[in-house]
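Each chain is listed here by its residues.
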Number of protein chains: 2
Amino acid sequence: MSMYAIGVDIGGTNTKFGIVDRGGKILEQGRMLTNAQETVQGFISELYDHLSPLIKKTGGVSQFAGIGIGAPNGNYYTGNIEHAANLKWKGIVPLAAMLQEKFSMRVKLTNDANAAAAGEQQYGCAKGMRDFITITLGTGVGSGIFINGKIVLGHDGFAGELGHTIIRPGGRLHQGTGIRGPLEAYASATGVRETALEMLKENPSTPSMLREINPTDLTSEKVYECAVAGDKIALDIFQFTGQILGEALANFVMFSSPEAIVLFGGLTKAGDLILNPTREAMEANLVQVFKNKVKLVFSNLKEADAAILGASALVWEED
Amino acid sequence: MSMYAIGVDIGGTNTKFGIVDRGGKILEQGRMLTNAQETVQGFISELYDHLSPLIKKTGGVSQFAGIGIGAPNGNYYTGNIEHAANLKWKGIVPLAAMLQEKFSMRVKLTNDANAAAAGEQQYGCAKGMRDFITITLGTGVGSGIFINGKIVLGHDGFAGELGHTIIRPGGRLHQGTGIRGPLEAYASATGVRETALEMLKENPSTPSMLREINPTDLTSEKVYECAVAGDKIALDIFQFTGQILGEALANFVMFSSPEAIVLFGGLTKAGDLILNPTREAMEANLVQVFKNKVKLVFSNLKEADAAILGASALVWEED
């Protein structure tokens, strides 16, 4: 039985790669700039030059089950990266096929949010679960869904865009899509910042430490710091964010009845400040049969490792 | 290869049963009262007495692949009916196991909404599709979801309650659940009636044929008749209902990226009056990658046959 998997996380700036065992231990890792080379062939050559010595060091190709890749707009069905806005490679790039030829290994590819879910199932707090959802609360809101033990891809490979589901019809405008009221407009770092600006404006007479911060420097981290210090508006911001997130999670639960929802990403640093209102709003909006059943937890994977782990986990997935 | 399946649809009042071939032709059928017998054993005996001669007539047990049952609160995993409010049998009833013993056939059981989806996949307009959603717009809003070729059941067997997802947070109270703003409070026959009462009240100076109907007699059918006759408020009611339904469908699409959404049930009689605003609102709320891809269609199964067909289709499902 093959012992190791390679995980490659292709981001807009950096590409991280690592060699991972079945238990989720990263034996070797490294990184390179994603857009240093002009062509995808150049990228693959550079990646090969980085990985080859690590593969040799770990016993050679025969010890490897394959390569898993998390990439923006990665399509699991085709192995292609399709029209990724942040990458230099335009159009449709058959990255999985190209890597398969170069490395003589099986290659699986999907988007980063699905890879994160695979990582939770293989190594994290959804270990062995067949039905669960991961939500990444970062700059945006990403999601990966498992149903019946498999990543939900949909008929075209693009399923699982829960950050774009509408939770406040006619509500806040999403700058990227031009659509009003999606979850991502509220439950992301960007959303928390916008909520802060709105609440400060709407409550001009409420004192707040947030007023001492230059609006351009007002981040979700700053809101968190002020909330921990007991600032009323900062606390209200997390209450409001959790309320909306919890309502959205209730909707997801009534769709697929997952065993757990795993939260990941920057906003989870707020801990109970975000978790408690989220859980309350979720439970309040669930019909009886779903109440007090779903585990709502934070990921226990180290943020620095999660992307490599997630990508590598694709290799161990059921087909 | 077995030629036939038995479909049994257990409703609050009637139980319908039929013998169905692989193509969806109902060869024999009948019905009985669900609650005529005091015990579930009595129910099974009566069902056996009805079905036995039909099974013999169709070539005997060896010609049959099994029995599929659609029942309120039917749990696919366990084969149990669990705490069904409208049935005489209280608690947890192991109906599949009991029928299996009585009939010496394989028995599969699920709720009626999931059975309806199985029927669409086997015989209807989702034939052969692996990813689709059926929405029943009746007195309530039911749903059945297929992902990767299988019914979505969730970790506990209760997934697919899309009628309870919140689409107007803080909105109309759902009388049954006490929760505000779920899809079912709007996109059901009951919801259309409530919308009618609200709109008539909110627009006292707009003339409408609906005002000539006694409020207790105001049904979604009456609203449809008035809309067809060009009544402005009646037309607005369908526009409003379609808007909300379409927004909800957009959310479902961004969850599972289905190839099709199949609408079924009483409200679909309104045809384009409901379909057009629904499609418009759905497309308007989809992010680019999902636009103009999802087939939004009405079921082509006869309403009188659909329940038996759906139940029988469970027998042909992948395990």
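Residues numbered from 1 in each chain as written. Chains lettered and ligands numbered in written order. Predicted model: local features only at pLDDT ≥ 70, side-chain atom pairs only at ≥ 80, totals over all residues.

### Details of the overall build of chain A
Right, so step 1: Of the regular secondary structure elements, chain A holds eight helices and 13 strands.
Right, so step 2: For chain A, the C-alpha radius of gyration of 20 Å lies close to 20 Å, the compact-globule estimate for 319 residues.
Right, so step 3: Considering only C-alpha atoms, chain A reaches an extent of 65 × 45 × 35 Å along its principal axes.
Right, so step 4: Counting only residues that meet the buried cut, chain A has 49% of its 319 residues in that class.
Right, so step 5: A sequence separation of at least 24 residues applies to 64% of the contacts in chain A between residues at least 6 apart. (Helix = DSSP H or I, 4+ residues; strand = E, 2+ residues; numbered from the N terminus. Rg over C-alpha atoms; globule rule 2.2 N^0.38 Å. Buried ≥ 20, exposed ≤ 12 C-beta atoms within 10 Å, placed from the backbone. Contact = placed C-beta atoms within 7 Å.)

### Some words on helix 1 (residues 40–57) of chain A
Since the α-helix advances by 3.6 residues per turn, residues separated by three or four positions end up pointing in the same direction.
All names here are of chain A.
Right, so step 1: Between its first and last C-alpha atoms helix 1 spans 26 Å; for 18 residues at 1.5 Å apiece the expected length is 26 Å, and the two agree.
Right, so step 2: Considering bend angle alone, the principal kink of helix 1 is centred on leucine 51 and spans about 30°; proline proline 53 follows within four residues of it.
Right, so step 3: Looking only at helix 1, the buried set comprises Phe43, Leu47 and Leu51.
Right, so step 4: The inward-facing, buried residues of helix 1 abut strand 1 (4–10), strand 2 (14–21) and strand 3 (26–33).
Right, so step 5: Phi turns positive, to about 110°, at glycine 59, one or two residues after helix 1. (Expected span 1.5 Å × (residues − 1). Bend = angle between axes of the 7 residues up to and from the residue.)

### Side note on the relation of the copies chain A and chain B
Right, so step 1: Overlay of chain A on chain B (RMSD 0.0 Å): rotation 180°, translation along the axis 0.0 Å. The superposition operator between the copies reduces to a two-fold rotation axis. When each C-alpha of chain A is compared by its distance to the rotation axis, isoleucine 167 of chain A comes out closest, at 3.4 Å.
Right, so step 2: Comparing contact sets, 100% of the residues at the interface of chain A also lie at the interface in chain B, consistent with an isologous, same-surface contact. (Least-squares fit on C-alpha atoms with pLDDT ≥ 70 in both.)

### A closer look at the domain arrangement of chain A
Residue and element names in this part refer to chain A.
Right, so step 1: The domains assigned to chain A are domain 1 (4–124 + 304–316) and domain 2 (132–300).
Right, so step 2: With centres defined by C-alpha atoms, the gap from domain 1 to domain 2 works out at 29 Å.
Right, so step 3: Counting from both sides, the interface comprises 15 residues of domain 1 and, opposite them, 15 residues of domain 2.
Right, so step 4: Split into classes, the residues belonging to the side of domain 1 that touches domain 2 amount to seven nonpolar, six polar and two charged. (Domains from an automatic or database assignment. Nonpolar A, V, L, I, M, F, W, Y, C, P; charged D, E, K, R; others polar.)

### Considering the sheet that holds strand 9 (residues 132–137) of chain B
All names here are of chain B.
Right, so step 1: Spatially, the five strands line up as an open sheet ordered 11-10-9-12-13, and their pairing is mixed. Looking along the sheet, the strands with just one partner apiece sit at the ends: strand 11 (150–151) and strand 13 (295–298).
Right, so step 2: Running at roughly 50° to strand 10 (residues 141–147), helix 3 (residues 112–123) makes contact with strand 9, strand 10, strand 11 and strand 12 (260–264) of the sheet. (Pairing = 2+ DSSP bridges. Axes fitted to C-alpha atoms, helices over the stretch in contact; angles between N-to-C directions.)

### Focus on the packing of helix 3 (residues 112–123) of chain A against helix 8 (residues 303–313) of chain A
Residue and element names in this part refer to chain A.
Right, so step 1: Here helix 3 crosses helix 8 at 80°, and the two axes come no closer than 7 Å. Our classification of the angle between helix 3 and helix 8 gives roughly perpendicular. Contact residues: helix 3 offers Asp112, Ala115, Ala116, Ala118, Gly119, Gln121, Gln122 and Tyr123, while helix 8 offers Ala306, Ala307, Leu309, Gly310, Ala311 and Ala313.
Right, so step 2: Grouping the amino acids of the contact of helix 3 with helix 8 by side-chain chemistry returns nine nonpolar, four polar and one charged. (Parallel < 35°, antiparallel > 145°, perpendicular 65-115°, else oblique.)

### Examining the interface of chain A and chain B
Right, so step 1: Across the boundary between the two partners, chain A contributes 34 residues, which contact 34 residues of chain B.
Right, so step 2: Among the elements that line the side of chain A that touches chain B, the one with the most residues is helix 6 (residues 232–256) of chain A, at six residues.
Right, so step 3: Partitioning the side of chain A that touches chain B into residue classes produces 15 nonpolar, ten polar and nine charged.

### What about the nonpolar core?
Right, so step 1: Ile69 and Val223 of chain A together with Ile69 and Val223 of chain B are the most contacted members of the largest nonpolar core, which totals 190 residues.
Right, so step 2: Those residues in contact with valine 223 of chain A that sit more than four places away from it in its chain are Val192, Ala196, Leu210, Ala234 and Ile237 of chain A. (Core = buried A, V, L, I, M, F, W, Y, C linked by C-beta atoms within 7 Å.)

### Focus: the environment of phenylalanine 252 of chain B
Right, so step 1: Assignment of secondary structure puts phenylalanine 252 of chain B in helix 6 (residues 232–256).
Right, so step 2: Not counting residues up to four positions away in its chain, the partners in contact with phenylalanine 252 of chain B are Ile133 and Leu162 of chain B.

### Quick notes on the packing of helix 1 (residues 40–57) of chain B against helix 2 (residues 95–103) of chain B
All names here are of chain B.
Right, so step 1: Across the interface, helix 1 lies against helix 2 with an axial gap of 11 Å and an inter-helix angle of 40°. Relative to helix 2, the element helix 1 lies oblique. In this structure, the crossing between helix 1 and helix 2 has a hand that is right-handed. Every residue of helix 2 that contacts helix 1 at Val40, Ile44 and Tyr48 is listed here: Leu95, Met98, Leu99, Lys102 and Phe103. (Left-handed = near helix turned anticlockwise from the far one by under 90°.)

### Notes on the sheet that holds strand 8 (residues 107–110) of chain A
Residue and element names in this part refer to chain A.
Right, so step 1: What the five strands build is an open sheet, ordered 3-2-1-4-8; its pairing is mixed. The open sheet terminates on both sides in strands that have one partner only, identified here as strand 3 and strand 8. Going across the sheet, the axis of each strand differs from the next one's by a mean of 15°, ignoring polarity.
Right, so step 2: Two strands pair when backbone bridges link them, and strand 1 and strand 4 (residues 64–70) are joined in this way by six bridges, in the parallel orientation. Within the sheet, the bridge partner assigned to valine 8 lies in strand 4 and is isoleucine 69.
Right, so step 3: Here helix 1 sits on the sheet and contacts strand 1, strand 2, strand 3 and strand 4; the angle it forms with strand 3, its principal contact strand, is near 165°.
Right, so step 4: Sitting on the sheet, helix 3 is in contact with strand 1, strand 4 and strand 8, with an inclination near 135° to strand 4.

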